[in-house]
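Structure assessment
Single-letter residue listing:
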Amino acid sequence: MKKIVISTGGGDAPGLNAVIYAVVHSCYRKGWEVYGSRSGYSGLLDMDELYRLLPVDVEDIYSTGGTILGSTNKGNPFEMPFENLAGEVKIVDVSDKILENFNRMGFDCHIAIGGDGSLEIARRFAEKGMPVVGVPKTIDNDLEATDRTFGFDTAVSTATEALDKLHSTAKSHDRVMVVEVMGRDSGWIALYSGISGGADVVLIPEIPFDMQKVCEKIMDNELHDKNYSIVVVAEGAIAAGGEVISKGTGEVGRSELLLGGVGEWVAQEVRERTGKDTRSLVLGHLQRGGSPTTFDRLLAMRFGAAAVRLVQEGTFGHMVALQSPNMGSVSLAEAVKSRKKVDLNSDKVFTAREVGICLGD
Ligand code: F6P
């Protein structure tokens, strides 16, 4: 008999519940116990936030978005913000307490589902002696060590559907529509949805863009009797010689920048330089919501089942990884080493250029 604790950390992604479903079912069939830790590590810090998960608790959840366990991107146990009665915020390390509770509960393994931030925390716990298995999650698809992360396919589908809808209104009004999509420092969501959704311009962080080129493409459309244009901008895209546009870190305990604003900046530039009626919109967290696509559900379930196989083998300190067509694993140190960027020599980039999409260069 084994006793597992599972948690979801960082920004949510469609497919998290499908991983939980697969872990609970596959452990149940082995006669193992599964506990859920609420809101990342909160359950391991405060036992009230820890609860047993049985198949009845996860019935049908594989098709739902979000996470039944809750998540946070401000819950790094090694640097946890705590507000005292005087309202002062102090950063404290509660990792020893978490390890102590983990051992006290008699857990054999922690299955940590997360993106690069949460996997780095899992790596640090593994270093401290906690048996950990990681499961990669992020709509950004920016983990180098796995071919795919779940959540990405759903986010791309949502963005593509939005682009499909924008075509008709842009065309009716002879407008330029600038759409900002998520993805942090990688342009996967922008590139995949931009190609699939018939965009005229796609700006990704991997290619610093030139506004002159963007406007030339828009005016070229006019010359060819296409009086509207669709511009997709990744939130981390940067104008050549410029800087990433962000709102700072935004909240206490958060280390990553809150990206956003480049779409409106591009729209303003297009308006001024071309004189075209231009509107911008930010798809934002819509891309993280909703039911996971079949691809994401299946990948998430495969990850969950593979994570339990790693526990059975005793392969700790590793993350499950899609190594198409198989499911493999990599060490957590390898998993967090580098972020996956769009390869400018890949056929997807060639395809974008060949169908006439301007990439801003
Ligand atoms: O990493 C996933 C992601 O959705 C990014 O694409 C985005 O920059 C960030 O999270 C947004 O974070 P938050 O949910 O804290 O606004």
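Numbers given for residues are sequential positions, taken from 1 along each chain in its written order. It should be noted that, the model being predicted, local features are given only for residues of pLDDT at least 70 and side-chain atom pairs only at 80 or more, the latter also being counted only at that level, while totals for whole chains, interfaces and linings use all residues. Only hydrogens and water are set aside when side-chain values are computed; all heavy atoms of the structure are taken into account.

Considering the nonpolar core
Nonpolar side chains in soluble globular proteins generally cluster together in the buried interior. If you look at the biggest cluster of nonpolar residues, it comprises 33 residues, and the most contacted ones within it are V181, I189, A190, V202, I230, V232 and L359. Working definition: helices are DSSP H or I runs of at least four residues, strands are E runs of at least two. Numbering for both runs from the N terminus. Broken down by secondary-structure element, the contributors of at least two residues to this core are α5 (152-173), β8 (176-181), α6 (188-196), β10 (229-234) and α11 (347-354). Of the residues forming this core, the biggest block, 8 residues, is contributed by α5. Whether two residues are in contact is decided by their heavy atoms, any of which lying within 4.5 Å being enough. Excluding residues within four positions of it along the chain, L359 makes contact with V202, L203, I207, V349, A352 and R353. Definition used in this section: a nonpolar core is a set of buried Ala, Val, Leu, Ile, Met, Phe, Trp, Tyr and Cys residues joined via side-chain atoms within 4.5 Å. Using a 1.4 Å probe on the protein chains alone, a residue whose accessible area is under 20% of its type maximum counts as buried, one over 50% counts as exposed, and one in between counts as partly exposed.

Some remarks on the sheet that holds strand β1 (residues 3-8)
At least two DSSP bridges between two strands are needed for those strands to be called paired. Here 7 strands make up an open sheet; going across it, the order is β3-β2-β1-β6-β7-β12-β13 and the pairing mixed. Unpaired on one side and paired on the other, β3 (50-53) and β13 (326-331) mark the two borders of the sheet. Looking at each pair of strands side by side, their axes are set apart by 30° on average, direction ignored. Looking at chain direction, strand β6 (residues 109-114) and strand β7 (residues 132-136) are connected through 5 bridges and run parallel. Within the sheet, the bridge partner assigned to A112 lies in β7 and is G134. Helix axes are fitted only over the stretch in contact, all axes being lines through C-alpha atoms; the angle between N-to-C directions runs from 0 to 180 degrees. This element, helix α4 (residues 116-127), spans β6, β7 and β12 (318-323) of the sheet and lies at about 170° to β7.

Some remarks on the domain arrangement of the protein
Just so you know, the domain bounds were taken from an automatic or database domain assignment. Split by domain assignment, the protein resolves into domain 1 (3-150 + 292-335) and domain 2 (154-289). Placing the centre of domain 1 and that of domain 2 at their C-alpha centroids yields a distance of 33 Å. Taken together, the contact pairs 15 residues of domain 1 with 17 residues of domain 2. Each of two parts loses accessible area, computed with a 1.4 Å probe, when they are put together; buried area is these two losses added. Together domain 1 and domain 2 conceal approximately 1,400 Å² of surface at their shared face, both sides included; 53% is due to carbon and sulfur atoms. Considering only the side of domain 1, the residues that lose the most area to domain 2 are K74, I139 and D140, jointly responsible for 36% of the buried surface there. Whenever Lys or Arg places a side-chain nitrogen within 4 Å of a carboxyl oxygen from Asp or Glu, that contact is recorded as a salt bridge. Seen at the junction of domain 1 and domain 2, the total is 1 salt bridge. Of the charged contacts in the structure, one is a salt bridge between R288 and D12, with a shortest N-O distance of 2.8 Å. Polar contacts here mean pairs of N or O atoms no more than 3.5 Å apart (in protein, one a potential hydrogen donor and the other a potential acceptor; neighbouring residues in sequence count only if both atoms are side-chain atoms). For the pair domain 1 and domain 2, the interface holds 3 residue pairs in polar contact (both at pLDDT 80 or more).

Side note on unusual backbone geometry
Omega for the peptide link from S324 to P325 comes to 0°, which places this bond in the cis form. In this structure, P325 sits in the loop between β12 and β13. With phi around 65°, D60 is a residue other than glycine that occupies positive phi space. Position of D60 among the secondary structure elements: in the loop between β3 and β4 (80-83). The class of D60 is partly exposed, set by a relative accessible area of 46%. Phi angles above zero are rare outside glycine, and D174 is one such case at about 50°. Inspection of the secondary structure assignment puts D174 in the loop between α5 and β8. For D174, a relative accessible area of 37% translates into the label partly exposed.

Focus: the side chain of R175
Mapping R175 onto the fold places it in the loop between α5 and β8. There is a polar contact of 3.3 Å between the side chain of R175 and the side chain of D277.

Details of a nonpolar patch on the surface
There is a patch of nonpolar side chains on the surface, built from Y28, L54 and V56 and spanning about 290 Å² of accessible area. Of note, V56 is situated in the loop between β3 and β4. A residue is classified by how much of its surface remains accessible, and V56, at 59% relative accessible area, is exposed. Like charges are joined within 9 Å and nonpolar side chains (Val, Leu, Ile, Met, Phe, Trp, Tyr) within 5 Å, but only among residues with over 30% relative accessible area and no salt bridge; these make up the patches. A 1.4 Å probe and the Shrake-Rupley method give the accessible areas. Residues count as covered only by the protein chains that appear here.

Details of the pairing of β7
The buried count for β7 comes to 5 of 5 residues, which makes it a mostly enclosed element. The alternating pattern of β7 places V132, G134 and P136 on one face and V133 and V135 on the opposite face, and all of these are buried. Looking down the strands as they point away from you, a crossover is right-handed if its path from the first strand over the helix to the second goes clockwise. The β-α-β motif built from β6, the intervening α4 and the parallel element β7 has right-handed crossover chirality. In terms of strand pairing, β7 meets β12 through 2 bridges, oriented parallel. The residue of β12 that forms the bridge with V133 is H318.

Topic: the environment of K213
Mapping K213 onto the fold places it in helix α7 (residues 211-223). The class of K213 is partly exposed, set by a relative accessible area of 34%. Residues K213 and C358, 145 residues apart in the sequence, show an inter-C-alpha distance of 7.6 Å.

As for the packing of α6 against α11
The relative placement of two packed helices comes down to the angle between their axes together with the axis-to-axis distance. Relative orientation of the contacting elements α6 and α11 amounts to 40°, with a least axis distance of 10 Å. With respect to α11, the axis of α6 lies oblique. The crossing of α6 and α11 is left-handed. Mapping the contact onto sequence places L191, Y192 and I195 in α6 and K348, V349, T351 and A352 in α11. Put simply, angles under 35 degrees are roughly parallel, angles over 145 are roughly antiparallel, angles from 65 to 115 are roughly perpendicular, and the rest are oblique. Should the near helix be turned anticlockwise from the far one by less than a right angle, the crossing is termed left-handed; should it be turned clockwise, right-handed.

Considering the site of the ligand
Here, proximity means that at least one heavy atom of the residue falls within 4 Å of the molecule or strand. Every residue close to the ligand is listed here: N73, I139, D140, M182, G183, R184, E235, R254, L258, H285 and R288. Here N73 contributes a side-chain N or O atom positioned 2.9 Å from an oxygen atom of the ligand. Interatomic distance of 2.7 Å between a side-chain N/O atom of D140 and an oxygen atom of the ligand. For the ligand, the protein covers 83% of the area, taking 400 Å² as the surface of the free molecule. Here the residues of the shell around the ligand are counted per class, giving 3 nonpolar, 3 polar and 5 charged. Two domains share the shell around the ligand, each providing at least three of its residues, namely domain 1 (3-150 + 292-335) and domain 2 (154-289). Polarity classes work like this: nonpolar for Ala, Val, Leu, Ile, Met, Phe, Trp, Tyr, Cys and Pro, charged for Asp, Glu, Lys and Arg, and polar for all others, with Gly in that last group.

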